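Chain by chain, the residues run as shown.
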Amino acid sequence: MEPAESPFRLILGSSSIARRKILAEMGYEFTLMSADIDEKSIRTEKPEELVMALAKAKADAIVSKLQTCADHEKDAKPSILIASDTAEGNPKLQIGEDKDAQPTLLITCDQVVVYEGTIREKPSNDEEAREFIKGYSGKHASTVSSVFVTNLKTGFTKGDWDKVEIYFHDIPDHVIDKLLEEGLVLKVAGGLIIEHPLIVPYVKEMKGTSDSVMGLPKALTEELLKEAIKA
């Protein structure tokens, strides 16, 4: 028996391989878009507020990109056109001939690592990545991950964040050297990849879920998608 068709189309607004993998594991088919925003231009002291602000900014950027594409395809029969409601700041779908078009839901995300009260984003170079990982050795850090869902048909938006505490054994220097050689630690918040085979033996305890640490908390994502499709 073939699975029932999803009641919505899905866009993942992220270039993260880990997020793609998690969303696929959840059984969803989706297309990919990237926001290409200047993340450093958005700053706030609280990590929870920062990841939410960044996820929303990514959603706004993708909606704007979709509007531009729609404007360039005016001659084609439209099923979805995205417009921006400047008063509310929420995207709304202007329906053309196909008023029964499937709604499209957009997922955007962000994540930071918090270590000793300091927010850490992606390391800027090998030296900073080494400093980050060495700091986790024998200590603990937390990840704060946001999920922001937009219903492009109704303009409904909602987001929330999830936090995970991670405690580490001592991490040997040779392990850090190998991680830096691979270079993947430069592409993730705080240089933290707990699912990496080199790091797994040194994770002492984790309070929360691994999918959240990897950037897309499944339970939160499911909850927000359900709310968005009903809105």
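These lines cover the structure that appears in this document, whether it is placed above or below.

How each quantity is defined
Residues numbered from 1 in each chain as written. Predicted model: local features only at pLDDT ≥ 70, side-chain atom pairs only at ≥ 80, totals over all residues. Heavy atoms only, no water. Helix = DSSP H or I, 4+ residues; strand = E, 2+ residues; numbered from the N terminus. Contact = heavy atoms within 4.5 Å. Core = buried A, V, L, I, M, F, W, Y, C linked by side-chain atoms within 4.5 Å. Buried < 20%, exposed > 50% of the residue type's maximum accessible area, 1.4 Å probe, protein only. 1 Å grid on protein atoms, 1.4 Å probe; cavity = no way out; pocket = protein on both sides within 12 Å on 5 of 7 lines; lining within 4 Å. Points joined across faces, edges and corners; volume = space filled by probe spheres on them. Nonpolar A, V, L, I, M, F, W, Y, C, P; charged D, E, K, R; others polar. Polar contact = N/O pair within 3.5 Å; in protein donor to acceptor, adjacent residues only side chain to side chain. Pairing = 2+ DSSP bridges. Phe/Tyr/Trp six-rings, centres within 6.5 Å; stacked < 30°, edge-to-face > 60°. Arc of directions from axis to C-beta.

## Quick word on the overall build of the chain
Across its full length, the chain carries six helices and nine strands. Relative to all contacts within the chain whose residues are 6 or more apart in sequence, the contacts with residues 24 or more apart total 71%.

## A closer look at the nonpolar core
Most often, soluble globular proteins keep nonpolar side chains buried together rather than apart. Formed by 23 residues in total, the largest nonpolar core has its most connected members in Tyr 136, Ile 166, Phe 168, Ile 171, Val 185 and Leu 192. Of all elements in the fold, only β5 (104-115), α3 (126-136), β8 (157-168) and α4 (173-182) reach the threshold of two or more residues within this core. When neighbours within four sequence positions are excluded, Phe 168 is seen to be in contact with Tyr 136, Gly 138, Lys 139, His 140, Leu 192, Ile 194, Ile 199, Tyr 202, Val 203 and Lys 204. Of all hydrophobic cores here, the second largest spans 19 residues; its members include Leu 12, Met 26, Leu 216 and Ala 228.

## Here we look at the layout of surface pockets
Approximately 970 Å³ is the volume attributed to the largest pocket. Forming the walls of the largest pocket are 32 residues, and the residues nearest its centre are Ser 16, Arg 19, Lys 122, Lys 187 and Val 188. Only α1 (17-25), α2 (47-72) and β5 provide two or more residues apiece to the lining of the largest pocket. Per element, the largest residue contribution to the lining of the largest pocket is four residues, and it comes from α1. Of the residues that constitute the lining of the largest pocket, the class distribution is 13 nonpolar, eight polar and 11 charged.

## Looking at the side chain of Arg 120
In this fold, Arg 120 is placed in strand β6 (residues 118-120). Engagement of the side chain of Arg 120 in a polar contact is seen with the backbone oxygen of Phe 132, the distance being 3.1 Å. In terms of polar contacts, Arg 120 uses its side chain to reach the side chain of Tyr 136, at 3.3 Å. When near neighbours in sequence (up to four residues on either side) are disregarded, Arg 120 contacts Val 112, Val 113, Tyr 115, Glu 131, Phe 132, Tyr 136, Ala 189 and Gly 190.

## Focus on unusual backbone geometry
Despite not being glycine, Asp 36 has its phi angle at roughly 55°, a positive value. Take Asp 36: it is sitting in the loop between β2 (31-32) and α2. The backbone phi angle of Glu 116 is positive, close to 50°, even though this residue is not glycine. Assignment of secondary structure puts Glu 116 in the loop between β5 and β6.

## Comments concerning the pairing of strand β7 (residues 140-151)
With 11 of its 12 residues buried, β7 lies for the most part within the structure. Bridge count between β5 and β7: 10 bridges; the pairing is antiparallel. Across the sheet, residue Leu 105 finds its bridge partner in β7, namely Asn 151. Two elements, β7 and β8, share 11 bridges in a ladder whose sense is antiparallel.

## Digging into the packing of aromatic side chains
Counting across every chain of the model gives three aromatic pairs. Considering the side-chain rings of Phe 8 and Tyr 28, the 6.1 Å spacing of their centres and the 35° angle between planes classify their relative orientation as tilted. A residue pair is termed long-range when its members are at least 10 positions apart, and Phe 8 in the segment before β1 (9-13) and Tyr 28 in the loop between α1 and β2 qualify at 20 residues. For Tyr 28, a relative accessible area of 19% translates into the label buried. In textbook terms, an aromatic cluster arises when at least three aromatic residues are bridged by ring pairs, as seen for Tyr 115, Tyr 136 and Phe 168.

## Some details on α3
Looking at α3, one finds that the buried residues are Ala 129, Phe 132, Ile 133, Gly 135 and Tyr 136. The arc that holds the buried residues of α3, viewed along the axis, is 155°, so those residues lie on one side. Residues Glu 127 and Glu 131 are exposed on α3 and point more than 90 degrees away from its buried face. Each element contacted by the buried residues of α3 is listed here: β5, β6, β7, β8 and α4. Capping the start of α3, Asn 125 holds a side-chain oxygen 3.2 Å from the backbone nitrogen of Glu 127, two or three residues further along.

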